[in-house]
Amino acid sequence: MSKIPRHVTIIMDGNGRWARKKGLDRLYGHKEGVESVRAVTEFAAEQGIGFLSLFAFSEENWNRPNYEIMGLMELMIDAIAAETPTLMKNNVRFRVVGNLSKLSDTLKAKIGQTEKLSEQNNGLNLIVFLSYSGKWDLLQATGKYAHEVLKAKENNTSAPELTPDYFDTLLSTSGIPDPDLLIRTSGEQRISNYLLWQTAYTEFYFTDVLWPDFRKNDFQKALDHFSERERRFGKTGDQINNLN
Ligand code: IPE
Ligand code: IPE
Ligand code: MG
């Protein structure tokens with residue numbers, strides 16, 4: 001029987017190289033990447049995956065040329081507007097996670113609208129990481145805890161005990177289960193400051209396929225690999241298989 005991961009996250013990489021190979025501007029790669037997003041969202045819903053999250057733009061990506069940043073932001077505004085009716089039709093709950101203070105008012109408004117509209121949907125959870133970095137997330141969570149400690153001191157009470165479960169609630173991903181499977185396209189095998197805390201026990205799958213070429217069959221291959229993995233969480237293989 002194949003094991004279906006509860007949460008799959010994807011580092012969507014290789015748009016620029018895809019475009020360059022075709023002699024096109026990098027923005028064409030990003031544009032074609034939206035087709036892949038549509039395909040994986042549909043596939044995740046069909047497979048009964050609970051959470052699909054996509055790394056769309058990192059904090060470090062703000063250091064790209066202004067032209068590319070502007071193009072990407074415009075593309076996101078257009079894509080959210082164009083895809084919202086389909087998300088609603090398919091009962092998908094849409095959320096964006098990241099340092100949103102850096103986004104334009106127009107984009108923030110679009111995100112807010114679709115988040116609100118899809119809030120009650122109880123099918124696939126689609127999470128887009130935008131202006132996100134793992135270190136930013138850990139720092140903002142630490143800041144929140146520092147605040148809790150100060151508040152407790154003022155009130156002569158004690159701050160909540162700092163456990164992994166409690167720290168989870170301070171992260172921007174609070175309420176979202178940790179990814180079971182992380183897919184990265186384009187042949188790169190690094191985390192690029194993505195989910196640092198949340199991937200502690202995630203299975204990794206790397207493929208050379210460039211993101212704009214990634215389709216349902218590629219996603220299926222990743223799921224097949226995941227299905228064959230034995231997740232041990234520090235225990236022995238025998239313990240996992242109840243032989244011990
Ligand atoms: C991923 O593709 C999209 C973003 C990071 C925004 P890239 O734009 O990184 O494409 P490559 O890695 O340069 O080919
Ligand atoms: C990671 O891709 C970020 C996203 C896919 C959004 P990058 O292309 O920015 O990563 P590096 O710079 O190659 O590590
Ligand atoms: Mg890249």
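Let me sum up the structure you'll find in this document. (Residues numbered from 1 in each chain as written. Chains lettered and ligands numbered in written order. Predicted model: local features only at pLDDT ≥ 70, side-chain atom pairs only at ≥ 80, totals over all residues. Heavy atoms only, no water.)

1. Quick look at the packing of aromatic side chains
For the record, the criterion: Here the aromatic set is Phe, Tyr and Trp, taking the six-membered ring for Trp, and pairing holds for ring centres within 6.5 Å; pairs whose planes are under 30 degrees apart are stacked, those over 60 apart are edge-to-face, and all others are tilted. Relative accessibility thresholds used throughout: buried, under 20% of the residue-type maximum; exposed, over 50%; partly exposed, between the two (1.4 Å probe, protein chains only).
Inspection of every chain in the model, using the stated rule, returns 14 aromatic pairs. Relative to Phe214, the ring of Trp211 has its centre 5.3 Å away and its plane inclined at 20 degrees; by these criteria the two rings are stacked. Just as Trp211 is buried, Phe214 falls in that class too. Taking the centre distance of 6.3 Å and the plane angle of 50 degrees together, the rings of Phe214 and Phe219 count as tilted. Its relative accessible area of 0% is what places Phe214 among the buried residues. Taken together, the aromatic side chains of Phe55, Phe129, Tyr132, Trp136 and Tyr194 make up a single cluster linked through ring pairs.

2. Let's talk about the packing of helix α3 (residues 66-89) against helix α4 (residues 105-118)
The description of two packed helices rests on the angle between their axes and on the distance between the axes. For clarity, the threshold we go by: Only the contacting stretch of a helix is used when fitting its axis, a line to C-alpha atoms as for every element, and angles between N-to-C directions run 0 to 180 degrees. What counts as a helix is a DSSP run of H or I of at least four residues, what counts as a strand is a run of E of at least two, and both are numbered from the N terminus. In this scheme, roughly parallel covers angles under 35 degrees and roughly antiparallel covers those over 145, while 65 to 115 is roughly perpendicular and the rest are oblique. We call a crossing left-handed when the near helix sits turned anticlockwise from the far one by less than a right angle, and right-handed when that turn is clockwise. The contact rule is simple, with two residues in contact once any of their heavy atoms fall within 4.5 Å. Classification convention: Asp, Glu, Lys, Arg as charged; Ala, Val, Leu, Ile, Met, Phe, Trp, Tyr, Cys, Pro as nonpolar; all other residues, Gly among them, as polar.
Where α3 contacts α4, the two axes come as close as 10 Å, and the packing angle between them is 15 degrees. With respect to α4, the element α3 is oriented roughly parallel. Note on packing geometry: the crossing formed by α3 with α4 is left-handed. Across the interface between the two elements, Met73, Met76, Ile77, Ile80, Ala81, Thr84, Leu87 and Met88 from α3 touch Thr106, Leu107, Lys110, Ile111, Thr114, Leu117 and Ser118 from α4. Residue classes in the contact of α3 with α4 are distributed as ten nonpolar, four polar and one charged.

3. Topic: the pairing of strand β2 (residues 51-58)
Just so we agree on the cut-off: Two strands qualify as a pair provided DSSP detects at least 2 bridges between them.
Burial runs high along β2: seven of the eight residues are buried. Examined bridge by bridge, strand β1 (residues 7-11) and β2 share five bridges and lie parallel to one another. Opposite Ile10, over in β2, you have Leu54 as the bridge partner. For β2 and strand β4 (residues 125-132), the ladder comprises seven bridges, and the chain directions are parallel.

4. Quick notes on the site of ligand 1
Worth spelling out the cut-off: Proximity is defined per residue: if any heavy atom of the residue lies within 4 Å of a molecule or strand, that residue is considered near it. Distance and chemistry together define a polar contact, namely a pair of N or O atoms within 3.5 Å, with one atom able to donate a hydrogen and the other to accept it when in protein, and with adjacent residues in sequence counting only for side-chain atoms on both sides. Method for areas: the Shrake-Rupley scheme with a 1.4 Å probe, in which residue coverage is limited to the protein chains shown.
Close to ligand 1 lie 13 residues, the nearest being Asp13, Gly16, Arg17, Arg26 and Arg64. A distance of 2.9 Å is found between an oxygen atom of ligand 1 and a backbone nitrogen or oxygen belonging to Gly16. In the model, an oxygen atom of ligand 1 is placed 2.7 Å from a nitrogen or oxygen of the Arg64 side chain. Contact with the protein chains removes 87% of the 370 Å² of surface that ligand 1 exposes when unbound. Among the secondary structure elements, those contributing two or more residues to the shell around ligand 1 are α1 (15-21), α2 (26-47) and α3. Ranked by residue count, the leading element in the shell around ligand 1 is α1, at three residues. Looking at the shell around ligand 1 residue by residue, the class counts come to three nonpolar, five polar and five charged.

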